[in-house]
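Here is how the chains run, residue by residue.
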Amino acid sequence: MTTSTRGAKVPAVLVLEDGRIFRGRAYGAVGETFGEAVFSTGMTGYQETLTDPSYHRQVVVMTAPHVGNTGVNDEDPESGRIWVSGYVVRDPARVHSNWRAQRSLDEELANQGVVGISGVDTRALTRHLRERGAMRVGIFSGNALPDEGTMLAEVRQSSEMKGANLSAEVATKETYVVPAIGTKKFTVAAVDLGIKGMTPHRMAERGIEVHVLPATATVEDVYAVNPDGVFFSNGPGDPATADHPVSVMQAVLERKTPLFGICFGNQILGRALGFGTYKLKYGHRGINQPVQDRTTGKVEVTAHNHGFAVDAPLDKVSETPYGRAEVSHVCLNDQVVEGLQLLDQPAFSVQYHPEAAAGPHDAAYLFDRFVTLMEAERA
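Per-chain numbering applies: the sequence of each chain, read as written, is numbered from 1 onward. Side-chain atom pairs in this predicted model are given and counted only at pLDDT of 80 or more, local residue features only at pLDDT of at least 70, and totals for whole chains, interfaces and linings cover all residues. Calculation of side-chain values draws on the structure's entire complement of heavy atoms; hydrogens and water are dropped beforehand.

Looking at an unreviewed UniProt entry, the protein chain carries the name Carbamoyl phosphate synthase small chain, with the source organism given as Streptomyces cavernicola. What the UniProt record of the protein chain gives under Subunit (unreviewed entry) is the line "Composed of two chains; the small (or glutamine) chain promotes the hydrolysis of glutamine to ammonia, which is used by the large (or ammonia) chain to synthesize carbamoyl phosphate. Tetramer of heterodimers (alpha,beta)4." UniProt positions are given in the numbering used here, feature names are shortened, and annotations may be inferred rather than shown by experiment. One UniProt comment on the protein chain, placed under Sequence similarities (unreviewed entry), says "Belongs to the CarA family."

In structure tokens:
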């Protein structure tokens, strides 16, 4: 049960599963919530972060000290609701100021029942997560808080992200169509594993009619729309649990239909090709991650949100059941695989978010690359 903190200084406590405790004030709804504690390094774009389905069941710590300055509007959300399970900020804006704002961030969190905490030393919390790794966390707020032992026990009884199968929980239940902007050139079947609204929009801008399908879509469902290409979206959870999307992608690869995957879709491609996946210590989240496109040598500043990665060799071309594959993109901070491509058929993926909502536009060319593959296949 949750209530609003609007206009009140309600005590709140953040409890990590290793026993570390941070105290502050309630922000958003009052109550309790649990999830995986992760941190985002973006200094802007908090509304897009909150509504990104990939953050389902995660408690997001904002490293930027001031959050909420521009309020909330009804134009920027990436989905129909806030998906984070909790929100942690240091200094929330006391007054929001932006010509597009319709209400405060505090009010929006409370309206959607999202339990948060403010007044926390987020720099210390972020350093702790970098050293110890992402872990389970609980936020408790209200005037009658449980004792520390009880709160810690509840956190340790909550679900872990490893082994979590979450795509079907955030994906659309019914197919819908995003029409092409201007002249229609192609049709794409997009498998929704937690898609952001800006992604089909970026394709529509390029003359693509996008049929967004549920995560449970079958191969027959995919090809019923007579696609020129197939897209697999971002999404939450452990890719090791995503057996159904992997089998659908393998069927697409067998037909050699042009294929593009983003984030979770990159991990699905990795599994489809026979590579493993693993959980990162604390993941990549934010809009300022440096990635090198190894096919061109260009370095891009990119938007990320992933806690898992593909385990593929960086130093060689790999043989797969669908031809040769190589790592096309790599993170320059830690050498994590950030993209894959097949050399003998039209299929590629990236681990980050080229739709840039929010974030830089360095990677927008990837949608053009997808168009080029479909043009070549048609020719």
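Asks: Tell me what's going on with helix H4 (residues 148-157), and back it up with residues and numbers.
Replies: The periodicity of an α-helix, 3.6 residues per turn, causes residues three or four positions apart to be oriented the same way. For the exposure calls, accessible area comes from a 1.4 Å probe over protein chains only, and a residue counts as buried if that area is under 20% of its type's maximum, exposed if over 50%, partly exposed in between. Helix numbers and strand numbers start at the N terminus; a helix is a DSSP run of H or I with at least 4 residues, a strand a run of E with at least 2. The set of residues buried in H4 consists of Met151, Leu152 and Val155. Projected down its long axis, H4 carries its buried residues within an arc of 95°, all on one side. Tucked inside the fold, the buried residues of H4 contact strand E2 (11-16), strand E4 (32-40) and strand E10 (135-141). Polar contact is defined as a pair of N or O atoms within 3.5 Å, subject to the rule that within protein one atom must be able to donate a hydrogen and the other to accept it, and that residues adjacent in sequence are counted only when both atoms are side-chain atoms. Structurally, the start of H4 carries an N-cap: the backbone nitrogen of Gly149 is 3.1 Å from a side-chain oxygen of Asp147. The arc refers to the directions leading from the helix axis to the C-beta atoms. Here a residue-residue contact requires only that any non-hydrogen atoms of the pair lie within 4.5 Å.

Asks: Please provide a residue-by-residue account of the side chain of Glu355, values included.
Replies: One can find Glu355 in the loop between strand E21 (347-350) and helix H10 (365-378). Using a relative accessible area of 0% as the deciding quantity, one classes Glu355 as buried. A polar contact of 2.8 Å, which involves the side chain of Glu355, links it to the side chain of Lys196. In this structure, Glu355 is in contact with Lys196, Met198, Thr199, Arg202, Ile262 and Phe367, ignoring residues within four places of it in sequence.

Asks: Explain the packing of aromatic side chains residue by residue, including any values.
Replies: Each Phe, Tyr or Trp ring (for Trp, its six-membered ring) is paired with any other whose centre lies within 6.5 Å, and the angle between the two planes then decides the class: stacked below 30 degrees, edge-to-face above 60, tilted in between. The tally for this structure, following the rule as stated, stands at 6 aromatic pairs. Taken together, a centroid distance of 5.5 Å and an interplanar angle of 65° make the contact between Phe231 and Phe260 edge-to-face. In this pair, Phe231 sits in strand E14 (residues 229-232) while Phe260 sits in strand E15 (residues 259-262), placing the two residues 29 residues apart along the sequence. Here Phe260 and Phe348 contribute two aromatic rings whose centre-to-centre distance is 4.5 Å and whose plane-to-plane angle is 15°, an arrangement assigned as stacked. Placement of Phe260 in strand E15 and of Phe348 in strand E21 is noted, with a sequence separation of 88 residues between them. Using a relative accessible area of 3% as the deciding quantity, one classes Phe348 as buried.

Asks: I'd like a rundown of the environment of Val72, residues and numbers included.
Replies: Topologically, Val72 is positioned in the loop between strand E6 (66-67) and strand E7 (86-88). Judged by its relative accessible area of 2%, Val72 is buried. For the pair formed by Val72 and Ser104, sequence separation is 32 residues and the distance between their alpha carbons is 5.7 Å.

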